[in-house]
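Architecture and fold: a report
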Amino acid sequence: MTANHSDQSPVPSPLQNWAGNLTFSTSQVYYPDTVEAVQALVKQSAKLRVVGSRHSFNAIADSEHVLISTRDLNKVLSLDVEALTVTVESGITYGALSAWLDDKGFALHNLASLPHISVAGSVATATHGSGVGNGNLATAVTALQMVVADGRIVGLSKATDGERFHAAVVALGALGIVTQLTLQVQPKFYMRQYVYERLPLSKLKENFQSVMAAAYSVSLFTDWQQDSINEVWIKSLSSSGKSFDQQPDLFGARAATAKLHPIAGVSAVNCTDQLGVEGPWHDRLPHFKMGFMPSSGVELQSEYFVSGEHAVAAFEAITALSQQIGRHLFISEIRSIAADELWLSPAYQRDCIAFHFTWQQHIPEVMTLLPVIEAALAPFAVRPHWGKLFTIPATVLADRFEKLADFKKLANEYDPPGKFRNVFLEECVWGR
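These numbers come from a predicted model, not from an experiment.

Now for the overall build of the protein chain. For the protein chain, the helix and strand inventory stands at twelve helices and 20 strands. Over its C-alpha atoms the protein chain spans a radius of gyration of 21 Å, differing by no more than 12% from the 22 Å that the globule rule assigns to 432 residues. If one aligns the C-alpha atoms of the protein chain with their principal axes, the spans along those axes are about 60 × 50 × 40 Å. Counting every position in the protein chain, which comprises 432 residues, the buried fraction comes to 58%. A sequence separation of at least 24 residues applies to 70% of the contacts in the protein chain between residues at least 6 apart. Total accessible area on the protein chain is roughly 16200 Å²; 51% of this is exposed by carbon and sulfur atoms. In the protein chain, which carries 33 positive and 41 negative side-chain charges, the distance between the mean positions of the two groups comes to 1 Å.

The structure is reproduced here in C-alpha cells:
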C-alpha cells in the first residue's frame, strides 16, 4: 500500500502467529509501506492493532477488527556516525538491520536469541537477550515516532521527553503505531562462543552470579530433570577486559567438543558457531543463524523475571516442580538482564534473572501448569514477558509493574477512544 491508498482491499486470509497456536481474529489485514498510509488507516478505523513478525505467543497483537502489519515498513532511514545512532522503520528485522550495520562498521549492544524478529515488536514487549551488564533491546532506543489515535505523528526522544519517553518505548502497542525508531549503536565488534556441558547444580547455586557474569552474555539451558545444567552458552568479546579465556572446566562443567543445539539430540546446523570460532557480533549474540529458521515453530513459550537477588531461591522453587514441568518441556533458558527505566519493562529498576520455558505444544496442560509456576515464583514479585504465555491477573500485574497506573493515564491521553486496545490489553492492563 502506498500513500493515500488506504482504501485498497486488505489481504483476505487470516494470519497465524509464528508458533501456530494463535489464529488472528480478523482477515482485515493491511500492509502499508508509508507512514502516510498508516495515518490514513488509523483515521478510517474505529479499532485496530499492529502486528510485526508475529513472534508473540499470546493475543497481545490480536484484533477482532483491523490489523496493520509493519512487514513493508522495513527500511534503514539514516545513520548518524557522530551521534552513533541509526534510524529505522519499525518493521525491519534485527537480522536485516544487523547485517546492514555491520557492513557500515557499527553494531547494536545486544540481540535476542532469534534475529528474525522485528525491531518495533521486540521493543514494545521489552524482548531482551542476555548479559549482566546488558539492557534489553528496548534500552537502545533514543527516539521514536508513532501514529496516535487521531492520525497525528508524535515524536518522543530520550533527550527531551524524560518520563513520557520512558513510558512510550515499551508500550505494548497501546499508545499508537510506532513507525520509526532511533537506536544507539557502537563500533562493530567480534565475539567467540563456547558451550559447556553438565554444570552441577550445587556449583551453580554456590556461584550463580559468577557464572552469569563469566562473559559478555551467558545463557543456561536446563530440562529441570537432572542434577546439572544441560548446557552453558558463553558469548565472549574477542578482545578487551571482558574477554573469556577458554578453559576445560567451568565451575565443574566440561567444555563441549562439538557444536550443540540447546535441545539435546537436535541438529546444531542452524545454531550460531561455537567452539571459540571468532565471528561478527550479529552472528554470535543470537543462538540461531539468520539464514535458517531454528525449528518448525510448533512450540509454546513463557518467561518470568525475578530480581537477581532472588535468583537461586527462584531456581529452587522451579526445581521443586520438575516432575510436572518435564513432561511438557522442550528446554528452559536462564539468562540475565540489566535494570532499566522503561515503565513496563520486566527489568524496570531491577537487575533481573529470566526463566524462559520453551514448551511442547500441549496447550491445555501448559496453561494449567503456568499458574502453578507463577504461584511458586510469587514470593519474588515475578513479572512476566508481555509477549509470551502467562496467567497472572491484572490486579497482580498492577502491583508488579509499579508504573502501570501512570501508563494507563498516558494511554488515555494519546488514545482517548481506546482505538488501540484489544481483549488482551483490556484484561491484562485495564483489568476489565
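The next subject is the sheet that holds strand β1 (residues 29-30). Ordered by their spatial adjacency, three strands build an open sheet running β1-β3-β2, and the pairing between neighbours is parallel. With partners counted over all chains shown, the strands left at the sheet margins are β1 and β2 (49-51), one partner each. Pairing of β1 with strand β3 (residues 67-69) involves two bridges; the strand directions are parallel. In the sheet register, Y30 faces β3, and the bridge partner there is I68.

Sheet analysis places strand β11 (residues 190-200) next to strand β16 (residues 279-280), joined by two bridges and oriented antiparallel. When the sheet's bridge partners are listed, M191 is paired in β16 with G279. Bridging between β11 and strand β15 (residues 253-255) involves two bridges; their strand directions are antiparallel. Counted as the bridge partner of Y196 is A255 from β15.

Think of an α-helix as 3.6 residues a turn; residues three or four steps apart then line up on the same face. Those residues of helix α2 (residues 94-104) that fall on the buried side of the exposure criterion are Y94, G95, L97, S98, L101 and D102. For α2, the angular spread of the buried residues around the axis is 160°, confining them to a single face. For α2, the secondary structure elements touched by its buried residues are β4 (76-80), β5 (85-89), β6 (106-107), α3 (119-124), β9 (177-184) and β16. The first or second residue beyond α2 is G105, which carries a positive phi of 95°.

Let's shift gears to the environment of G297. Mapped onto the elements, G297 comes out in the loop between β16 and β17 (300-307). For G297 and S307, which are ten residues apart along the polypeptide, the C-alpha to C-alpha distance reads 30 Å. Beyond its immediate sequence surroundings of up to four residues, G297 is in contact with W18, A19 and Q361.

This brings us to unusual backbone geometry. The backbone phi angle of A126 is positive, close to 60°, even though this residue is not glycine. Tracing the sequence through the fold places A126 in the loop between α3 and β7 (141-147). One non-glycine residue, F251, lies in the positive phi region at around 50°. Relative to the assigned elements, F251 resides in the loop between β14 (249-250) and β15.

Strand order across the open sheet formed by five strands is β4-β5-β9-β7-β8, with antiparallel pairing between neighbours. At either margin of the open sheet sits one strand with a lone partner, and together these are β4 and β8 (153-157). With strand direction ignored, the average angle separating the axes of adjacent strands in the sheet is 15°. Bridge count between β7 and β8: five bridges; the pairing is antiparallel. Each bridged residue has a counterpart across the sheet, and for V147 the counterpart in β8 is I153. This element, helix α4 (residues 158-169), spans β7 and β8 of the sheet and lies at about 110° to β8.

A word on helix α1 (residues 35-44). Every buried residue of α1 is accounted for by A37, V38, Q39, A40, L41 and V42. Where α1 is buried, its residues contact β1, β3, β7, β8 and β9.

On to the pattern of salt bridges. A side chain of one charge can pair with a side chain of the opposite charge when the charged atoms of the two come close. Counted by the stated rule, this structure contains 17 salt bridges. Its salt-bridge partner being D249, residue R254 comes within 3.8 Å of it at the nearest N-O pair. The exposure class assigned to R254 is partly exposed, which follows from its relative accessible area of 44%. Of the charged contacts in the structure, one is a salt bridge between R335 and E303, with a shortest N-O distance of 3.3 Å. Placement of R335 in strand β18 (residues 329-337) and of E303 in strand β17 is noted, with a sequence separation of 32 residues between them. For the pair R335 and E303, one class covers both residues: buried. In this structure, a network of salt bridges that share partners links the residues K259, D273, D283 and R284.

The next thing to look at is the pairing of strand β13 (residues 228-237). Within β13, ten of the ten residues are buried, leaving the element largely enclosed by the surrounding structure. Pairing analysis gives nine bridges linking β11 to β13, with the strands arranged antiparallel. When the bridges of β13 are listed, L199 appears paired with I229. The hairpin turn running from strand β12 (residues 217-222) into β13, its antiparallel successor, is five residues long, and W224 in that turn takes a positive phi close to 65°.

The rules behind the values
- Residues numbered from 1 in each chain as written.
- Predicted model: local features only at pLDDT ≥ 70, side-chain atom pairs only at ≥ 80, totals over all residues.
- Heavy atoms only, no water.
- Helix = DSSP H or I, 4+ residues; strand = E, 2+ residues; numbered from the N terminus.
- Rg over C-alpha atoms; globule rule 2.2 N^0.38 Å.
- Buried < 20%, exposed > 50% of the residue type's maximum accessible area, 1.4 Å probe, protein only.
- Contact = heavy atoms within 4.5 Å.
- Areas by Shrake-Rupley, 256 points an atom, 1.4 Å probe, with all protein chains shown as cover.
- Lys, Arg positive; Asp, Glu negative; His and termini not counted.
- Charge placed at Lys NZ, Arg CZ, Asp CG, Glu CD.
- Pairing = 2+ DSSP bridges.
- Arc of directions from axis to C-beta.
- Axes fitted to C-alpha atoms, helices over the stretch in contact; angles between N-to-C directions.
- Salt bridge = Lys/Arg side-chain N within 4 Å of Asp/Glu carboxyl O.

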